Amino acid sequence: MSSILSAQGVTKRFGGLVAVDHVDVEIEEKSIHAIIGPNGAGKTTFFNCLTGFYPINEGKVIFMGEPLIDIPPDQITRRGISRTYQNIRLFANMTAIENILVGQEPHLKSSWIGAVLGLPNTRKEEEAAHEEALRIIRFVGMQGRGDVIAKNLSYGDQRRLEIARALASKPKLLLLDEPTAGMNPNETVGLTNFIRRIRDELGVTILLIEHDMRMVMGISEQITVLDYGQKIAEGTPAIIQSNPKVIEAYLGRGATDPVAEDTETEQPEIPAT
Amino acid sequence: MTINWKQIGQYGFIMGIAIWYVCLVGMVETFDSRGIIDGTLFTLGRALLVVISLGLGYVTAMKVSDGNFGMGVMGSLISGVIGAVMTVVLVLAIEPLNMRAMFVNASTSLIEILTFEMESQATGLTILAAFIVGFSVLGGIIYLLPSLPRRAIISGFSAVLVMGMLGELLTVVLGRFDLTEILSDFLYGRNGLSIPGAISIFIFFAVVSVLWATQKDSLQSGVENLPPTQRRTLSWALIVLSIIVLILLPQAVGPYISQILVLVGLYALMGLGLNIEIGLAGLLDLGFVGFFAIGAYTVALMTSTGELGVSGTAIADYSNFWVAIPIAVAVSAFAGIFLGIPVLRMRGDYLAIVTLGFAEIIRILVLSDFLRPLLGGAQGVLNIPKPAVAYAQQIANQLPWYFQTVFFFFVSTDGRIKDPAHFYYIIVIGCALISFVAWRLQNARIGRNWMALREDEDVAEAMGINLIASKLLAFGIGAAFAGLSGAIFAAQVGSVFPHSFGLIVSINVVSLVIIGGSGSIPGVIVGSLVLVGLPELLREFAEYRLLIYGALLVVMMLVRPEGLWPSETTRREMQSDEDIEPVPVGQTAPRSV
Amino acid sequence: MQLATNLILYIFLSIGVGYILRSIKDEEGIPKLKWYIGGIIIGLVCGIANGILVSTGSLFGAGFNLDTVLGGFIGGLGTGLFIGLPIGLITAYDMFKRFTFVDGWLLFFKIIIIFIVIGGTISSLAVPKYNSQQWFDFFIFGLAQGGIYALIALGYTLVYGILFMINFAHGEIFMSGAFTAFFVAQSLATPPEEGVPSMLEANPISALMMIFLVAMLTSTIVAVTVERVAYKPLRNAPRLVPLITAIGASFFLQYTFRGFYGSGVEAYPQVPALTGDLVIGDLMLFFALVIVFGIGGWASIFLYKYLKKMFIDTPNLGWLPFMLTSLSLLVVAYFIVPVVSAGLVSVVNNAFPVGADQEVATAAEVAVSISKIQFVVIVSSIALMVGLYYFVQKTKIGKAMRAVAEDKEVAALMGINVDQVISITFALGAALAGAAGVLYGLMFRQVNFFMGFFPGLKAFTAAVLGGIGNVPGAMIGGLFLGIFESLGPSLFLEGLGIAAPYQLKDAIAFTMLVLVLIFRPTGIMGVDLSKKKA
């Protein structure tokens, strides 16, 4: 197993605030890796650094052996990193199919001139893209809802559609930002299985931010814990669960009561939006 | 049952204020010169009073009647009385308060109009009051009628008003042919409709509206029940018919209306360009006129026979309108990209003001003495020749006579394109071409990317869309369309001045895109017909053209914010979340284009 | 032509050298040079190149003469450094980061602007076309004009801060106040009968107050009506919809007032008390008054408190502390003001000597002067702005306004009447616009129905320049814009040999806007509100 993405000393500052502070993360290929940490720990900022949305101040990110320095977000997506958002950000007034078609953008080659002239290549590509979109819709279990406007979909479907849109770019690495936020336990279980399926069937490496500890412990093979922008722990779920620093970060100094730890795992925090 | 005094009073008061407004702003007096029905005191000026009292009487009845006939009539009566009293007060106040010193239109002729040219003021005021109250009550009664007769009366009445208003124009147009002249002689008197004409128009439109209301459904279902082959034939027949109409239109309506159509077409071309920026990519560009100007100046400098043109230089022999057009389009597109680069990172209102700034900078530079040796300053570029069609006569000679006739619709006999009608065809072809291109782009990958960009720029970028390329393409294509419009404009007018390229043009184009329905191609055409064509028809009331235009914009946005012919996406956007029924699983909503 | 050659030299040299310097990197791919060092190197190269060009120019022009060559070189080096260093610093700052072709184009644009600004300024100042009084006049005129822009801009910014809409009709609201107040001013300026002074002559302060009141009232009524009828139903519509409504309202108002008051240009009456100039002595007297009463007033608070404590046991003498304080303040001011004033006059006279042989003179002989009307415009617009700022910051309504701007729903939950607050915001902006209208009428002395359009546009530019939605930003943006417009043509363009530079003043204003937004896409003091809503 080789590492698909390695972040080395990634640092991001906003003025005087160090949001991400020299974080090193190695992500194994075809693994499910989770990043956890209290609210404001810099998890989403770290995602934004990986996808090129924020230029990083120090350190480097190496993806499939190549450094991602000064590369704009669209190019990074083309190289195979794709993401979803904590607060769902679909193209609300477009249909589900159209959302997925936009997601396929990195693989479309036809030019606008071809579209104006109605060249057969362009038409063929569009048809193939539609086929592919329908296939993805089926894969995420949204058959028959392809023509629904994204904002009219149910909450769960919107989450699924966001993942579908990210999958449409055929990523090697999928970043999921709190995929189960706002879901009830049943839905969470469904989504957990779905994420496993993505990894197993499509061979996509998955990096996720999550607050639902039960889900994180159940699904992930490696966990990285961030607090105040720094990495405070890393390892398998079993190691993380027993790490005193992690417990302290979540519950505050002095909270070593095992009952408190238990409640924490029972009740996920309300995600900040 | 309680009487809603407050609302009745409110509407009466609004009626009074509205009448004050139209009197003091001068509309009553100016419009009075235009008769609606010949030989009566029913002029356009008084028609304003009629519309106001009728309308507010109607609204009062609507708000207070609660299904009770007597209550409705009484409401409209009382609000009519309030309106009448306020009007009478105005008439009485004009002279003692010397209102003329402030309000230029508070003149004796206004008093004369309001008092129906009666000798004694008391009689006049009594008639005036009775007039307002009467129409207010009539409005109330119309509301309380069952829906069919109500519909008939309203459409008949509006038709009389509109036909009367457009009288002068229609008599000119109808007078072009013998057969239609008879109709025009029947309908119109010297100033406005003749009395039999007015009655027949009223009856005709009333009957048509009733027929339409009752038969519409069966007609629609009839068409839907046709077999597909026949339906295809029907739609083809419609297309062919509309092409024939488009070809014959300028011949039928004469040069004046052709000129208006040319103007509409020029704005539609610009609108189609701006529609790509605003409607699809969501880039609010308030400086669109700049590209129009660039196109116009390119053609002007390349073809002018004046001193600023290329006539003295070596390339003069190769430079004509047909060469200049693609170059003008290319230059504009390039300028669009060039000016698009610095604004790539700006959003929303910042983008709007910067593009506005660019257009103003272009206009000021062109106007300045600094660039006068190149661009002619305020004098502009003159002597732009009309486009010529080479060998027009020879080609015409080869054709059979009926094609020859059609051929000379497009060019004058000396082989030049000079009449409004000739330009009309160029513009229609241009619009068709550009609409086609815009339609193809809209439905292609790039159109989808623009839509995504409009919805959420950050996410669009994260999905792999190249923001820079997509935005610059939108700027470039939009500018190219505007450049084409400018190029045709330069050739048609024969000279270009910086004053033709003010901010007002940009504002007009933005308005027509939004009013037509942002993102929709037919919407742009409808928008330019309404916002450019209609005001041109009322040219003689030039003072009030922009007033009505402004009021129209406000009312349109309040009543129909999605535009006259919205695109699917805009319609969705205008619906708030609560309005939408979630679509049940398994069913599909209509696919968007 | 020389201008173009020079410009091309700077563009090529700086970008070329910048590119070479940028490629010097260590093994890890991190640039070795800091950007400011690179900038200084580029500046030096530009300066030396310019020096060589200038000296060789004289070499080929007029035989070999070491003095000329050397002198030319040094002169060329000097100007070259002046222009080259800023260009070099900006080039290096831009190029030593991620550098795409978009950045390249922007850099190109920046270099041209810096060249025009610095080169133009150097050559304009080198040719002594204007004396310091004229520059001062330009500046004061700009400040007055900027004050008016700022007052109008506040209306845009207040509304934008709360509703995120561009109130395009705001220029017309400004016009409505100015135009309506014109009729009041006119009637106040006509003498009731022959030989009797008119109200405006006899009692200028109360007459002006009336004019201001009418203007502010009219503007407020118009604005609130427009808000109620045209904007309120569109609170939740997508943002283009209210924009179009506002454009429509703008046309409607313009032509309504044209219909009401006619299409002619009316001449605002002159206020006799405000004609003529304020020479430096008067001006310094004013400043002395401000200073002395400022310090004295602050000091007398303590005196007042002390006295009040002393007289606390004698209730029937309760009026005494205030009287005593005021009296002592007046006595002190009476003795100190002339001294301070004279001191200020002499300081100013020494700082800006009028002529070599002129001694420190009495006030009237000093040349530096300000037109009274411009002075009044500046003082009153600044006073209004400060007043507004405190209104927004300190009063309950101001706090409610800020709360609504922050989050309408939450503000409503906190018991704030959002509709009312929005109406008040419109009214406030309109009242300022009305006041600006009168100031405009007094300064430019003419009004017509179209007068709102361009000031409105400029004020909107100023609001964006300062960062739309930001109250101090609008003030600073307005003043900035006014000063640039007034100084810019003669300062930047005159020296470059551009014909009739004054025609380009609007172009300068808009260029500055574009420039500021390129450097700082959210305006001088702004936060990105447009993003916030999206």
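In this text, all values refer to a predicted model and were calculated from it rather than measured experimentally. (Residues numbered from 1 in each chain as written. Chains lettered and ligands numbered in written order. Predicted model: local features only at pLDDT ≥ 70, side-chain atom pairs only at ≥ 80, totals over all residues. Heavy atoms only, no water.)

Chemist: Would you take a moment to explain the overall build of chain C for this structure?
Modeler: Assigned secondary structure in chain C consists of 19 helices and four strands. Overall size of chain C, expressed as C-alpha extent along the three principal axes, is 90 × 70 × 60 Å. Evaluated residue by residue, chain C yields a buried proportion of 49% over its 534 residues. Accessible surface, chain C as shown: approximately 24900 Å² in total, 70% of it carbon and sulfur. Once the 29 positive and 27 negative side-chain charges of chain C are each reduced to a mean point, those two points are 13 Å apart. (Helix = DSSP H or I, 4+ residues; strand = E, 2+ residues; numbered from the N terminus. Buried < 20%, exposed > 50% of the residue type's maximum accessible area, 1.4 Å probe, protein only. Areas by Shrake-Rupley, 256 points an atom, 1.4 Å probe, with all protein chains shown as cover. Lys, Arg positive; Asp, Glu negative; His and termini not counted. Charge placed at Lys NZ, Arg CZ, Asp CG, Glu CD.)

Chemist: Even after reading the chapter, I still don't get a nonpolar patch on the surface, so can you show me in this structure?
Modeler: Residue and element names in this part refer to chain B. A surface patch of nonpolar side chains, amounting to about 570 Å² of accessible area, comprises F13, I17, W20, L77, V81, V85 and V89. Elements with a minimum of two residues in the nonpolar patch: α1 (5–24) and α4 (69–94). Examining the composition of the nonpolar patch, we find that four residues originate from one element, α4, more than from any other. Note that V89 resides in helix α4. (Patch = residues over 30% accessible without salt bridge, like charges linked within 9 Å, V, L, I, M, F, W, Y side chains within 5 Å. Salt bridge = Lys/Arg side-chain N within 4 Å of Asp/Glu carboxyl O.)

Chemist: Quick question: what am I supposed to make of the confidence of the model for chain C here?
Modeler: If pLDDT is low for a region, its predicted coordinates should not be looked at in detail. Residue and element names in this part refer to chain C. Averaged over every residue, the pLDDT of chain C is 81; residues scoring 70 or more account for 90%. Per-residue pLDDT stays below 50 along residues 356–366; that stretch engages in twelve contacts with residues further than four places along the chain or on separate chains. Long-range and interchain partners of residues 528–534, a stretch whose pLDDT sits below 50, account for 17 contacts in this model, where long-range means more than four residues apart. (pLDDT = per-residue confidence, 0-100. Contact = heavy atoms within 4.5 Å.)

Chemist: Any chance you could explain the packing of aromatic side chains here in plain terms?
Modeler: Any pair of aromatic rings gets described here by the distance separating the centres and the angle formed by the planes. Under the counting rule described, the total for this entry stands at 48 aromatic pairs over all chains. Judged by centre distance (4.7 Å) and plane angle (40 degrees), the rings of Y440(C) and F444(C) are tilted. Separated by four residues within a single helix, Y440(C) and F444(C) lie in helix α15 (residues 418–444), roughly one turn from each other. What makes Y440(C) buried here is its relative accessible area of 18%. Relative to F454(C), the ring of F453(C) has its centre 5.3 Å away and its plane inclined at 90 degrees; by these criteria the two rings are edge-to-face. The exposure class assigned to F454(C) is partly exposed, which follows from its relative accessible area of 30%. Three or more aromatic residues link up through ring pairs in this structure, and these residues are Y21(B), F103(B), F179(C), F182(C), F183(C), F252(C), F257(C), F260(C), Y261(C) and Y268(C). (Phe/Tyr/Trp six-rings, centres within 6.5 Å; stacked < 30°, edge-to-face > 60°.)

Chemist: So what exactly am I meant to see when it comes to the pattern of salt bridges here?
Modeler: Pairing is possible between side chains of opposite charge, provided their charged atoms come close. Taken as a whole and assessed by the stated rule, the structure comprises 25 salt bridges over all chains. Between E66(A) and R79(A) there is a salt bridge, with its nearest N and O atoms 3.5 Å apart. Placement of E66(A) in strand β5 (residues 66–67) and of R79(A) in helix α2 (residues 73–79) is noted, with a sequence separation of 13 residues between them. The salt bridge partner of R83(A) is D177(A), with a shortest N-O separation of 3.7 Å. With a gap of 94 residues between them, R83(A) in strand β6 (residues 81–83) and D177(A) in strand β7 (residues 173–177) connect regions that are remote in the sequence. Residue classification places D177(A) among the buried residues on the basis of a relative accessible area of 0%. In this structure, a network of salt bridges that share partners links the residues E227(C), K232(C), R235(C) and D419(C).

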